[in-house]
Amino acid sequence: MNILFYGQGLANDGWLEAMRTTWPDSDIQLWSAQLDTRWQADYALLWHPPVELFASQHQLKAIFNLGAGVDALLRLPGRPTEVPIIKLRNAGMDPWMFDYIHYGVLHFGRNFDHYRRQQQQKLWQPHASQAPNTRCIGVLGLGALGQTVAQRFRQLGYRVQGWSRGPKSIEGIDTYSGLEHLGAFLGRCDVLVNLLPGTEETCNLLNASRLAQLRQGTVLINAGRGTTLDPDALNHALDSGHLRGALLDVFHAEPLPSDHPLWARSDVIITPHIAAPTLIDEALQQIATDMQSLEQGLFVPHVDSAQGY
Ligand code: NAP
Ligand code: GLV
């Protein structure tokens, strides 16, 4: 079997070594423009591939996306639309995603934002902390990551609610679905966590009017995709004091342009898209199982390009 790898920003050597251990009998190649075009892959493991890659590969049975979000791949011109795309379904990312979001919940919930500012003034002034069971964490997106994150917060005693496209029933979590119920969902959050994919439907979902539906003092954590949030609307909602603060990992344009006003805000924490990294061993474990199922003609969940996730 021939397997192609391309991973923008990923550690090529580590991936290739682990792939050769996982598939010792396969021919594994790193894509480059110099790769002999007579060499055709059965499967490709890709993260943010260049457009030229697909022009030279014509026998792919499936594309494995080396991440949970498929927005970049679906947008790529020249992608062979008949080849199924299989994304990572958690693949060990959930503890990382939970830790990232928990950090944001604690930062604002335990008033570290105030204490950072007070330290600059050498000001010793305690603030009342809010107990978990008095705070409602609202998770947008109840997929492979959102569901696990929601359940972890529930186990810690937080009140948790979630919103998804289709209805869901998850023990201990209030669930909402569809745009018609989004307003009710937003109005009950103390912390709003975005774990939605970047699709046409989710683009600018969190605009000025939706942010206005949040309660005064809500904290926003965006670890899904930047396209879901209107950054100017966020800036305005923070300026007006309607929102308490934000932890942001993803942006419309990455890196966030250096002149963007969000960089300078003390009530915003910015991280460079690191909330939940792709883990080589866990990802290859899922991919190897999926590949074996495909070879046996069994069903493997794949991306619905019309829905965009
Ligand atoms: P997933 O399993 O595909 O789940 C997506 C969830 O979003 C589903 O619950 C889906 O609803 C819901 N959804 C999609 N479109 C919707 C819409 N228009 N209205 C309401 N709900 C909608 O994805 P995942 O694995 O949990 O990952 C979520 C996203 O996190 C990824 O797409 C990626 O963008 C992001 N991510 C970021 C990082 C990072 O480091 N920052 C790391 C990993 C992932 P249904 O359940 O009804 O289908
Ligand atoms: C990271 O952003 C991912 O989609 O896995």
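Counting secondary structure elements, the protein chain contains 10 helices and 12 strands. The C-alpha atoms of the protein chain give a radius of gyration of 21 Å, which matches the 19 Å a tight globule of 309 residues would have. Counting only C-alpha atoms, the protein chain reaches 70 × 40 × 35 Å along its principal axes. The buried share of the protein chain, taken over its 309 residues, is 50%. Roughly 15,200 Å² of accessible area belongs to the protein chain as shown, and the carbon and sulfur atoms make up 51% of that amount. Placing the 23 positive and 30 negative side-chain charges of the protein chain at their respective mean positions leaves the two points 10 Å apart.

The next thing to look at is the pattern of salt bridges. A full pass over the atoms with the stated rule returns 11 salt bridges. In this structure, the salt-bridge partner of Asp 113 is Arg 244, at a minimum N-O distance of 2.7 Å. Here the residue Asp 113 occupies a position in helix H5 (residues 112-120), and Arg 244 occupies one in strand S11 (residues 243-248), the gap between them amounting to 131 residues. The class of Arg 244 is partly exposed, set by a relative accessible area of 22%. One salt-bridge network, in which partners are shared between bridges, spans Asp 71, Arg 75 and Arg 225.

Right, let's get into the pairing of strand S9 (residues 191-194). Alternating residues of S9 divide into Val 191 and Val 193 and Leu 192 and Asn 194, and every residue in both groups is buried. The pairing of strand S6 (residues 136-140) with S9 spans four bridges and is classified as parallel. Bridged to Val 139 within S9 is Val 193. The sheet contact formed by S9 and strand S10 (residues 218-222) spans four bridges and is parallel.

Below, the discussion takes up the site of ligand 1. Close to ligand 1 lie 30 residues; Lys 87, Leu 145, Gly 166, Lys 168 and Tyr 309 are nearest. Separating a nitrogen atom of ligand 1 from a backbone N or O atom of Ala 223 is a distance of 3.0 Å. Taking Gly 224, its main chain carries an N or O atom lying 3.4 Å from an oxygen atom of ligand 1. For ligand 1, whose accessible area on its own is 940 Å², the fraction buried by protein is 91%. Classifying every residue of the shell around ligand 1 by side-chain character gives 15 nonpolar, nine polar and six charged.

Structurally, Thr 202 can be placed in the loop between S9 and helix H8 (208-212). Setting aside anything within four residues of it in sequence, one finds Thr 202 in contact with Leu 196, Pro 197, Thr 227 and Thr 228.

For the pair helix H4 (residues 94-109) and helix H6 (residues 146-155), the least separation of the axes is 9 Å and the interaxial angle reads 55°. Taken together, the axis directions place H4 and H6 in an arrangement best described as oblique. Of the two possible hands of crossing, H4 and H6 adopt the one that is right-handed. In this structure, H4 uses Asp 94, Pro 95, Met 97, Phe 98, Ile 101, His 102 and Val 105 to contact H6, whose residues at the interface are Thr 148, Val 149, Arg 152 and Phe 153.

Considered for burial, the residues of H6 that qualify are Gly 146, Val 149, Ala 150 and Phe 153. Considered in projection along H6, the buried side chains sweep an arc of 100° and stay on one side of the axis. Looking at the packing, one finds that the buried side of H6 touches H4, S6 and strand S7 (159-164). Note on H6: the residue one or two positions beyond its end, Gly 157, has a positive phi of about 100°.

For Asp 113, a relative accessible area of 3% corresponds to the buried category. In this structure the side chain of Asp 113 is engaged in a polar contact, spanning 2.7 Å, whose partner is the side chain of Arg 244.

What follows is about the pairing of S11. Residues in a regular strand point their side chains to alternate faces of the sheet. Where burial is concerned, most of S11 is hidden: five out of the six residues are buried. Where S10 meets S11, five bridges bridge the pair, whose relative direction is parallel. Its bridge partner being in S11, Val 219 is matched across the sheet by Gly 245. Handedness of the β-α-β unit built from S10, helix H9 (residues 231-239) and S11 comes out right-handed.

Looking now at the site of ligand 2. The environment of ligand 2 is formed by Trp 47, Gly 67, Ala 68, Gly 69, Met 93, Arg 225 and His 273. Here an oxygen atom of ligand 2 sits 2.8 Å away from a polar atom, N or O, in the main chain of Ala 68. A per-class count over the shell around ligand 2 returns three nonpolar, three polar and one charged.

If you walk across this open sheet you meet the five strands as S2-S1-S3-S4-S5, and the pairing is parallel. Of all strands in the sheet, those with a lone pairing partner are strand S2 (27-30) and strand S5 (85-86), marking the two edges. Direction of pairing for strand S4 (residues 62-65) relative to S5: parallel, over a ladder of two bridges. Residue Phe 64 lies in a different strand from S5, and its bridge partner there is Ile 86. Of the strands in this sheet, strand S1 (2-7), S2 and strand S3 (43-47) are in contact with helix H1 (residues 12-22), which crosses S1 at around 160°. Helix H10 (residues 280-295) contacts S1, S3, S4 and S5 of the sheet and is inclined by roughly 150° relative to S3.

What counts, and at which threshold
Residues numbered from 1 in each chain as written. Chains lettered and ligands numbered in written order. Predicted model: local features only at pLDDT ≥ 70, side-chain atom pairs only at ≥ 80, totals over all residues. Heavy atoms only, no water. Helix = DSSP H or I, 4+ residues; strand = E, 2+ residues; numbered from the N terminus. Rg over C-alpha atoms; globule rule 2.2 N^0.38 Å. Buried < 20%, exposed > 50% of the residue type's maximum accessible area, 1.4 Å probe, protein only. Areas by Shrake-Rupley, 256 points an atom, 1.4 Å probe, with all protein chains shown as cover. Lys, Arg positive; Asp, Glu negative; His and termini not counted. Charge placed at Lys NZ, Arg CZ, Asp CG, Glu CD. Salt bridge = Lys/Arg side-chain N within 4 Å of Asp/Glu carboxyl O. Pairing = 2+ DSSP bridges. Near = heavy atom within 4 Å. Polar contact = N/O pair within 3.5 Å; in protein donor to acceptor, adjacent residues only side chain to side chain. Nonpolar A, V, L, I, M, F, W, Y, C, P; charged D, E, K, R; others polar. Contact = heavy atoms within 4.5 Å. Axes fitted to C-alpha atoms, helices over the stretch in contact; angles between N-to-C directions. Parallel < 35°, antiparallel > 145°, perpendicular 65-115°, else oblique. Left-handed = near helix turned anticlockwise from the far one by under 90°. Arc of directions from axis to C-beta. Right-handed = clockwise from strand over helix to strand, strands pointing away.

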